[in-house]
Amino acid sequence: MSIVRDTEQAEKGFKTDEMVINMGPQHPSTHGVLRLVLNLDGEIVRKCEPVIGYLHRGMEWLGQNRTYVQYQALVDRVDYLAGMSDSHAYIMAVEKIAGITVPLRAEYIRALCSELNRIISHLLWLGIFMLDLGAMFGFPFYTFRDRETILGFLEEVSGQRMMFNYIRIGGVFKDLPKGWTRKVKKWITTEFPKYVDEYESLATRNPIFLVRTQGVGYLSPELAIDRGVTGPSLRASGINIDLRKYKPYSVYDKLDFEVPVSTVSDTNARYKCRIQEMRESAKLITQIIDKLPGGDTEDLEKNKAQLTSGTNPVYKAEDLMTIAKGKNVPMGFKCGPGEAYTAVESPRGQLGVHLIADGTSVPYRIKWRSPSFNNVSVLPDLIKGHPVADVVAIFSSLDVILPDVDR
Amino acid sequence: MSTEQLSLEAQEKKEEEKILLPGEFSVFLKDKGVNSIPLGNDASGIETLEIETKDLVNSCQLLKSNTETFIDSLVLITTLDLKKGYQSIYTLSSTKTRKFLRIKITVPKDNPIVPTVTHIWSAANWYEREAYDMMGIIYAGHPNLKRILNPENWEGYPLRKDYIPPADSLNGPHPLTETEFAEKTLSKES
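Cut-offs and rules
- Residues numbered from 1 in each chain as written.
- Chains lettered and ligands numbered in written order.
- Predicted model: local features only at pLDDT ≥ 70, side-chain atom pairs only at ≥ 80, totals over all residues.
- Helix = DSSP H or I, 4+ residues; strand = E, 2+ residues; numbered from the N terminus.
- Buried ≥ 20, exposed ≤ 12 C-beta atoms within 10 Å, placed from the backbone.
- Contact = placed C-beta atoms within 7 Å.
- Pairing = 2+ DSSP bridges.
- Axes fitted to C-alpha atoms, helices over the stretch in contact; angles between N-to-C directions.
- Nonpolar A, V, L, I, M, F, W, Y, C, P; charged D, E, K, R; others polar.
- Core = buried A, V, L, I, M, F, W, Y, C linked by C-beta atoms within 7 Å.

Observations concerning the overall build of chain B
Working step 1: Helix and strand counts for chain B stand at five helices and seven strands.
Working step 2: Taken from N to C terminus, the helices and strands of chain B fall in the order α-α-β-β-α-β-β-β-β-α-β-α.
Working step 3: The buried share of chain B, reckoned over its 190 residues, is 33%.
Working step 4: Considering only contacts in chain B between residues 6 or more positions apart, those separated by 24 or more positions represent 41%.

See the structure below:
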């Protein structure tokens, strides 16, 4: 048997054996527990097979065994870095089926918190990405410093640092704290842009960083669409699809912002898109705070009567509430029958919920469309032909979070 | 209260009437010779239609290749356990026209085989593996149909409504006694 194989190889010319290397699941740069089975030809990756499921918690099974209200608290765990987006997608699906109209103020607060959440997620990604590339001088400390500030803001709002459970059926948990919007606006306009400049001064034109990222991990737009890649990874491939503009939800159609797009399609482009997205999110946050119906909670308390009374009031009384009237939902909240697919633009891409309700207080079926699941499925094509050292760089540039993949 | 209920019923009836109208994609498929049952728009405004299993691959190819519909991305495959059988639900979208479409396929419970669409959208590869893993629907022609989220030696398909989860060692005893559990699992196998 071996003789036959040897002669076959001799006919084709000299060929070294490929080595199969197991990377993970407990690998520090796999952002959770991802296992990659790599076929190596020397240093070059010839084949890669991702093995997922190590963080599978059965989110869909749990969903169809809990009531709508109980499940609210769980959905933040689907993608723990973007809890607001998770809640937003799920709650939107429930509201679509139940036919609940959300007060304007609550919608603005949702968008505001989601944008803060986007910055948090990108900051964590940036720190870890640099660490994965070998920037061992403590880059994450810079990004974590600012991430901690925003986590503090969101803690004041929701009472939690990461698992917010803030967006509820019909609106939000409660109104913003007094003076909060002023504080956030001051920080986001004066200090945050300086910090982003600081990160860029450390990375963007750094020669080592450029060598590690430029021309590495080319993702063609055709493949990206075919595989369902979304988010900054798709936009770095030249396709301008951002659900906030593409299929506007919440109040994003009333806001003016730009979607960063690059046509370079490599790791560096994905980095630049995310940096630019943080700046755009900061602009969005100031804009939302300026447009927030009723303004800061402190002002709202003083001016509420003035804003809603008179012959031609600025706002209806319902607009200034934080939860839809009469929709302070009890535990046995019932919904349906009906079916809805709602998607939001999470920091990682299109995060969707396909909810099928049968009219009871428990969802009949809930299906998550998580962006990381599709983004990680494209990894084998990206790393083919690259050296082992680039595997981590490319994987990290896709911004995959494993709890989001496994659900 | 009663008047509210009445109005709700009236609304539902109106919605049922709407459902009978075939949507844009349903008309398109009919022109190409594929029959479909229009199910109207769902709560999020997505056109839903049900087609027969044998027409799936053909109609997907038609929808993708036609320049008007240009359904170039598969957003999601959802599986559903209904009394009449298992459903494989495809949520599709077009990056050009920004339209969404949902196609439903129902297969019998004793023989849940659906043709694969992996060769049309490669995103289907992992979605179909997940659907197989969770609901036990077999996608004929799939290049690598094996479990994706659960361990390879996992027994049963967790999202089926008759699934009995294994005893939870952390949260106390199993709701069924040992004999009951054995009986149920045996009857399921036979």
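Some thoughts on the pairing of strand β6 (residues 338-346) of chain A
Residues and elements named next belong to chain A.
Working step 1: Judged by how many residues are buried, β6 sits mostly within the fold: eight of nine residues are covered.
Working step 2: Relative to strand β7 (residues 349-357), β6 runs antiparallel, the two sharing nine bridges. Bridge pairing links A340 to L355 in β7.

Observations concerning the sheet that holds β6 of chain A
All names here are of chain A.
Working step 1: Strand order in the open sheet formed by three strands is β6-β7-β8, with antiparallel pairing between adjacent strands. With partners counted over all chains shown, the strands left at the sheet margins are β6 and β8 (365-369), one partner each. Ignoring which end each strand starts from, the neighbouring axes of this sheet average 10° apart.
Working step 2: As judged from the five bridges shared by β7 and β8, these two strands associate in the antiparallel manner. In the sheet register, H354 faces β8, and the bridge partner there is K367.
Working step 3: The sheet contacts of helix α4 (residues 83-98) involve β6 and β7, and relative to β6 the element is tilted by about 155°.

Side note on the interface of chain B and chain A
Working step 1: In this assembly, 23 residues from chain B lie in contact with 30 residues from chain A.
Working step 2: Residues of the side of chain B that touches chain A, tallied by class, amount to 13 nonpolar, seven polar and three charged.

Topic: the nonpolar core
Residue and element names in this part refer to chain A.
Working step 1: Within the largest apolar cluster, 142 residues are counted, with the highest numbers of intra-cluster contacts made by A93, V94, I97, L112, I285 and L355.
Working step 2: Looking at which element gives the most residues to this core, the answer is helix α5 (residues 104-133), with 16 residues.
Working step 3: Not counting the four nearest positions on each side in its chain, A93 is found in contact with A340, T342, V353 and L355.

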